[in-house]
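Architecture at a glance
These are the residues of each chain, in order.
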Amino acid sequence: MKAMRAGRQTSLGRRGSPLQNPSLSVRNQSGLDMSSPSSNGRAVALYSPAPFITLQSVLGEEPEDDGRDSEEWDELSESSSDFEAQMSQSSRKRAARSAARSGPAAKRPQRSTAQGSRATPPGAAATRSPANSMAPEPVTAGVLYEAVRSVKSAMRAVIDDWLDSYKHEKEAGLLELINFVVQCSGCKGVVSREMFARMQNAEIISWLTREFDEDSGSYPLSTPGPQWRKFRVNLCEFVRLLVRSCQHSLLYDEYLFNALISLLTGLSDSQVRAFRHTSTLIALKLMTALVEVGVSVAAQWETSQRQYGIELGKEPYRQAPARLEELRSSHAELLEHQEELSGMMTAIFRGIFVHRYRDTIPEIRALCMEEVGEWMLQDSQRFLNDGYLKYLGWTLHDKQGPVRLKCLKALQGVYSQRELTGRLELFTSRFKERMLSMVQDKECDVAMEAVRLVALLQQNTEDMLTDEDCARVYPLIYASHRGLASAAGAFLYNRLCIEVDREGRERELVSRRVAIVRVLLSFYIQTELHEHAAYLVDSLWDSAGAELKDWEMMSELLLEGPGEKDLADDEESALIELMVCALRQAAQHLPPVGRTSGKRVLSAKDKKTQTHDKLLLTSHFITVLPHLLAKYSADKDKVSSLLQVPLYFELQIYCTGRREKHLDLLLAQVAGIVEKHTDPGVLEACASVFAALCSERYTFAGRADVALGRLMEGLTDCFSPALEDLLQGTMDDVEMYNAAATLKRIAALYNAKDLTQWDMFKPCYQLLKSGVESGELDKEIMVPALRCAFLHVLWELTRAVTSEPTRAQVSQLRQHLRALCTAGQSCLSAAREIRDEAFLLLCDLLLLCSPQAVAGRGSLQAVVSPPSPALRSEMAGFILDYVFVESEEDLVDDEDEEAQVQRIEALHRRRVQLAGFCKLIVFSVLELSAATDVFKHYHKFYNDYGDIIRETLSKARAISRVQSARTVCLSLQQVFSELLQEQGSPLDTSSPQFCEIRDLARRLAMTFGIDLHLAREPLVTLHKDGIRFALRDPGAPGQPPPQLPFLEVLSEFSFKLIKQDRALLAGFLQRVAPSPLPSWTALAVYQRSLQSGPRDRAALDRTSSSAGATHTPAAKRRRAAKQATSSSPAAGVWLERSSNLSNKLPTPSLASTALRAPSRAPRDSPASGGDSERDFSHSPPPQRQSRTERQAAMPPPSSRGALPSPQRSPDPSADLDSQLYLLSLIEEDEDAAPEEAEIEDFESSVESEDGTPAERLPSTRHQRHGGLLQDLFD
């Protein structure tokens, strides 16, 4: 045993062995300096000029003399930089044992390899002697590549053929495997036999880099498409099968895999992304396969050790010496295999993983995290320790979402095994805060996996999460992303189960589901995170679906009599709300409004589940619902929720299941609720139930019609006697309340079905007319009367559209429409509730009776009733008086929650009113000129109504571009005239009111879009109308016209004009204005706005001397400075100096592909972490002015903001020039979008999640002298 270990140490324990001394082997094979980690836990990888190990030294061949001094070779041998001697001795040692163990290779019929084979370069294949005529045909790299690329290929057969070829001629087989790796990287180069024998690794990789395709940045692993995704899978499978095929022989020959690992280590540190990505993938998959083999060898070693112990423990006379020797030999051999596997895994980990886990390419970093998670799961004894876990912890802070996602999934695999959590205590305590903070990650997929990880942490660790930690996850239950919300729901469900199990002894008489539901109700009531139970139910649906679908249990809790364990009132309300939401989820299988879902169409399985759930809930609640309605009929909130249950029924069961008796019970309960309540929500819910049950699709609709008719008959019998007293005003308060309640019920039922046979229009119109004439407008009577009359007219109009009406019906409909419009117009000045209802009623009526609505129906043309001028004026006044105002709700304290709710409701009400008015404009019921009352408030009320007004502008432009532009100009004229009337002439153009008008004009100008040629005619028309308005009234002698300052407002539209239109408008201004043109300030401002622009910088240069004190945005200052440098001699000197300086700077060379600390990156170097793929894919862009050069081109700080000019003439009107300079800067917005994007490309810095600057590398992508291979490097 000792002798065998000594021999093992002789072959593997040498100082120059690449596997026993990883630091030396990695340094010599790949040129990496494996120094100790820095203070932040990251090692620094740099290229070293140290000589690379040659491939022939790994193969045990003597290198030819290339002119080196013999002393140099002695120094290399003494420094252990070359392990040729060690490898040759080890190869001779292993040769005899391998030959005795493996025996002759089995012959097998070879398949044709013509398909997909590549031409072998000269010297790549050895000349065969006659004695080798029976040798197997060599498998080339092309055959291996085609087998991997093919969708359907016999991978194992190809590997077996290659192994047969390799066993016959090792050098040729290894060379084909190397070329296979190169070809998988997308490189066209081929390593020949001469290169393989003479060149070092660094030289071979350098030559392959020059042979790489410069025109295309794609390579197999980065090419999109299903075929290349399959290529990646096949490549991983190839590596796994190769290791499994060699696990009993070639894996330990110290020849094949040592050379392969050496090559992969060198390629993985290449600056070519394709080499680095492909070699890293192959190496890490090779490591995963080695880990799998290592676990198998460790199991065999334990078995042999146990068998040896059993045999050795026998009595001496019962021991078998041969058996003991066999077990001893097997035990020693397995131990040796473990050491060799450990050496190879250490070489891969230290030579490749340690550097690539922080690569600049996110895909490579994500690959490293994925594989280290696999290693921890396969061999937890070796890899599940802090030495490997720290890489996962560090990479949780990665700035790329896919990398963080792989880290979380790797940790999920570890934390999912409860027996492994004991080794994670230190890691959990160190990185728990980071894992908890990631539940709020900006990427929903990452946040979802973080929540799942925290859920596993809660399940498999004891008391690791506190209540405060759990409270950070609970708000995500109401997230808009359904996957994230479902993960948070599963976390909540696990937490509830833990609470129930913890109190199980106290709840022995209560079922577990009831206990979970009670705890859930307590959570929903106490947390007060959200008021919508639908989001909570949807989040819990995947995890707690069994409890939420237990309708019987919920019904029993609601129907059980009073007792010790009876639900409280708030618990009953919460349970009813959750139950109704669960019914909706089961019946519709759709997420709530505002929650995104990945699945848009239900699958066949989901549809089957939906049908089954709908049948179950219908069968149960058909019998239970009448009892629930009877119990909670007095509570408006509970009964309004319960009345939603029939809407989710499979109503056909009433017929097919012979459930007419239960239908009658339900109708009776709904009718009783209508007679008890006057709340609009309850009445609306009852009307929805009647509308569903009275549908003509069902055979039982007659029963529902009879019940509804009986209810209406009772209501009209109560209302008719009280009508006369209402008209005469002789009713007391109680009778008034009863009459109003009856009218509310009738109006609500009108919404369910056509009830025009009861002819409620006439009494309602009489009430409206009487109230308007007497002035006693009681909202409790007027609002339901308006609604009832409106619904009556709608049902008449619907019947006229769906059938051919008679002349009498059309005449009656026209009379009703005109009478209702007159009554509504009279109510626009009444109390708030009445006028709001009347305004919406008028908007809908005018829209339904417009020419567009009845187009194609000749019988209904008589119904068309355009609004009268008085009605238009009344509606416009309503918008100005009650919509575009600061309401009292907006002035309340923000800390008052109830006041905030009132303010939101008031804003919603005003938005609905404005939308109704704008629809009349969009559908041409009102002229476009009516939109001036809306457009002139675009800037002031932008936050409240900006989206509605912007959409109205867009629709108006679609109707007529020229007319919409005239309307915009008219709205500005109205605002200007109001200000002029308020302040008088001359107008103070520096006042805040005038600045607001200019801001309005600027915002309206932005709505004309970016297609300037399409907006030419509208803009020219707008300018001409504005010029006429400004010069319409001549002023006093020697004084400008009073409307002349409107030209300054009009100048805000000048930046949208093209050069030809600027000249056209300048000529029009000369013809309209007095001749000669006087030197009025507003006129000069407008003239200058027509002269300056992107194509004419003369005006900008003339005003540059007085613009130094003007505050302009940074982006515009940079653009102004850049333009000045192109025209100013002084600026040209600055530009020339900066250009000469930049040409003298050397090209920054990338020392490694590893990320650097922020302090080592140049301050002004553009970040290249996320752009390496783009750099690789495209040729370098034209050289641009760097940020340093732009800063150098800027004037000194003392004159910042002023453009350098060779000649400056004093200007007496400094304030005017300042305004003109601001105007010229605004006009530059025509080209602002592309210019701004270019600036952002140079100056924007990527920040990590925690706000710290992202790590950067010096980049050469914007420099021209990088060589032809510049686009290959990241």
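Computed from a predicted model, the values in this text were never measured in an experiment.

Reading the values: rules and limits
Residues numbered from 1 in each chain as written. Predicted model: local features only at pLDDT ≥ 70, side-chain atom pairs only at ≥ 80, totals over all residues. Heavy atoms only, no water. Helix = DSSP H or I, 4+ residues; strand = E, 2+ residues; numbered from the N terminus. Buried < 20%, exposed > 50% of the residue type's maximum accessible area, 1.4 Å probe, protein only. Contact = heavy atoms within 4.5 Å. Phe/Tyr/Trp six-rings, centres within 6.5 Å; stacked < 30°, edge-to-face > 60°. Lys NZ or Arg CZ within 6 Å of the ring centre and 35° of its normal. Patch = residues over 30% accessible without salt bridge, like charges linked within 9 Å, V, L, I, M, F, W, Y side chains within 5 Å. Areas by Shrake-Rupley, 256 points an atom, 1.4 Å probe, with all protein chains shown as cover. Salt bridge = Lys/Arg side-chain N within 4 Å of Asp/Glu carboxyl O. Lys, Arg positive; Asp, Glu negative; His and termini not counted. Charge placed at Lys NZ, Arg CZ, Asp CG, Glu CD. pLDDT = per-residue confidence, 0-100. Expected span 1.5 Å × (residues − 1). Polar contact = N/O pair within 3.5 Å; in protein donor to acceptor, adjacent residues only side chain to side chain. Axes fitted to C-alpha atoms, helices over the stretch in contact; angles between N-to-C directions. Parallel < 35°, antiparallel > 145°, perpendicular 65-115°, else oblique. Left-handed = near helix turned anticlockwise from the far one by under 90°. Nonpolar A, V, L, I, M, F, W, Y, C, P; charged D, E, K, R; others polar.

Looking now at the overall build of the protein chain. Across its full length, the protein chain holds 55 helices and zero strands. Here the protein chain, with 1274 residues, has 49% of them falling under the buried criterion. Sequence-distant contacts in the protein chain: of pairs separated by 6 or more residues, those separated by 24 or more amount to 75%.

On to the environment of R832. Note that R832 resides in helix α38 (residues 832-848). Along the backbone, R832 and K779 are 53 residues apart, and their C-alpha atoms lie at a distance of 8.9 Å.

Following the sequence through the fold, A838 ends up in helix α38. A C-alpha to C-alpha distance of 8.8 Å links A838 and R787, two positions 51 residues apart in sequence. Residues contacting A838, with those up to four places away along its chain left out, are L786, G824, C827 and L828.

Under the counting rule described, the total for this entry stands at 33 aromatic pairs. Ring centres of Y391 and W394 lie 5.6 Å apart, and the angle between their planes is 80 degrees; this geometry places the pair in the edge-to-face category. Of this pair, Y391 and W394 both sit in helix α17 (residues 386-395), three residues apart, roughly one helical turn. Lying across the ring of F431, R430 places its NZ or CZ 4.6 Å from the centre. Positioned over the ring face of F1068 is K1024, at 5.5 Å from the centre of the ring.

Turning to a negative patch on the surface, a few remarks are in order. Together, E528, E531, D896, E897 and E898 make up a region of like negative charge exposed at the surface. Its location among the elements puts E897 in helix α40 (residues 897-922). Of the residues examined, E897 reaches a relative accessible area of 58% and is grouped as exposed.

For the protein chain, the mean per-residue pLDDT works out to 76, and 72% of the residues sit at or above 70. pLDDT under 50 marks residues 1-133. Its contacts with residues more than four places away, or in other chains, come to 212 contacts. Throughout residues 1094-1274 the model reports pLDDT below 50, and contacts reaching past four residues in sequence, or to other chains, amount to 266 contacts.

Let's shift gears to helix α43 (residues 961-983). The end-to-end C-alpha distance of α43 is 33 Å, a good match for the 33 Å that 23 residues give at a rise of 1.5 Å each. Listed in full, the buried residues belonging to α43 are S964, A965, T967, V968, C969, S971, L972, Q973, V975, F976, L979 and L980. For α43, the elements touching its buried residues are α41 (932-935), α42 (942-959), α44 (992-1005), α45 (1016-1030) and α46 (1046-1050). The opening residue of α43 is S960, an N-cap whose side-chain oxygen sits 3.2 Å from the backbone nitrogen of Q963. G984 occupies a position one or two residues after α43 and carries a positive phi of about 85 degrees.

Packing of helix α31 (residues 660-676) against helix α33 (residues 701-728) leaves a shortest axis separation of 10 Å and a crossing angle of 25 degrees. Taken together, the axes of α31 and α33 lie roughly parallel to each other. Here the hand of the crossing between α31 and α33 comes out right-handed. Taking contact as the criterion, the partners of E660, L663, D664, L667, A671, V674 and E675 in α31 are, on α33, R703, A704, A707 and L711.

Let us look at the pattern of salt bridges. This structure, assessed with the given rule, holds 50 salt bridges. The salt bridge involving R323 is made with E326; its shortest N-O contact spans 4.0 Å. Of this pair, R323 and E326 both sit in helix α14 (residues 321-356), separated by three residues, roughly a single helical turn. Here R323 falls in the partly exposed class, since its relative accessible area comes to 33%. Notably, a salt bridge pairs R799 with D754, separated by 3.1 Å at the nearest N-O pair. Placement of R799 in helix α36 (residues 779-802) and of D754 in the loop between α34 (733-750) and α35 (761-774) is noted, with a sequence separation of 45 residues between them. The structure contains a network of salt bridges with shared partners spanning K779, R832, E833, D836 and R909.

Before going further, it helps to examine the packing of helix α22 (residues 482-502) against helix α24 (residues 533-540). The geometry of a pair of packed helices is captured by two quantities: the angle between their axes and the separation between those axes. Two elements in contact, α22 and α24, have axes whose closest approach is 7 Å; the angle formed by their N-to-C orientations is 80 degrees. In terms of axis orientation, α22 runs roughly perpendicular to α24. Residue-level inspection shows R482, A485, S486, G489, L492 and Y493 of α22 in contact with α24, the latter providing L536, D538, S539 and L540. The class makeup of the residues in the contact of α22 with α24 is five nonpolar, three polar and two charged.

A cis amide bond, omega 0 degrees, links S985 with the succeeding residue P986. Summarising the element assignment, P986 is placed in the loop between α43 and α44. If you check the backbone angles, H589 has positive phi at about 55 degrees while not being a glycine. On the secondary structure map, H589 appears in the loop between α27 (569-588) and α28 (604-631). On the basis of relative accessibility, which here comes to 17%, the residue H589 falls in the buried class. Here the phi dihedral of D759 falls at roughly 50 degrees; this positive angle occurs in a residue that is not glycine. Tracing the backbone shows D759 in the loop between α34 and α35.

Positionally, D501 belongs in helix α22. Note: C-alpha distance between D501 and A515 (14 residues apart in sequence) is 9.5 Å. A distance of 3.4 Å separates the side chain of D501 from the side chain of R512, its partner in a polar contact.

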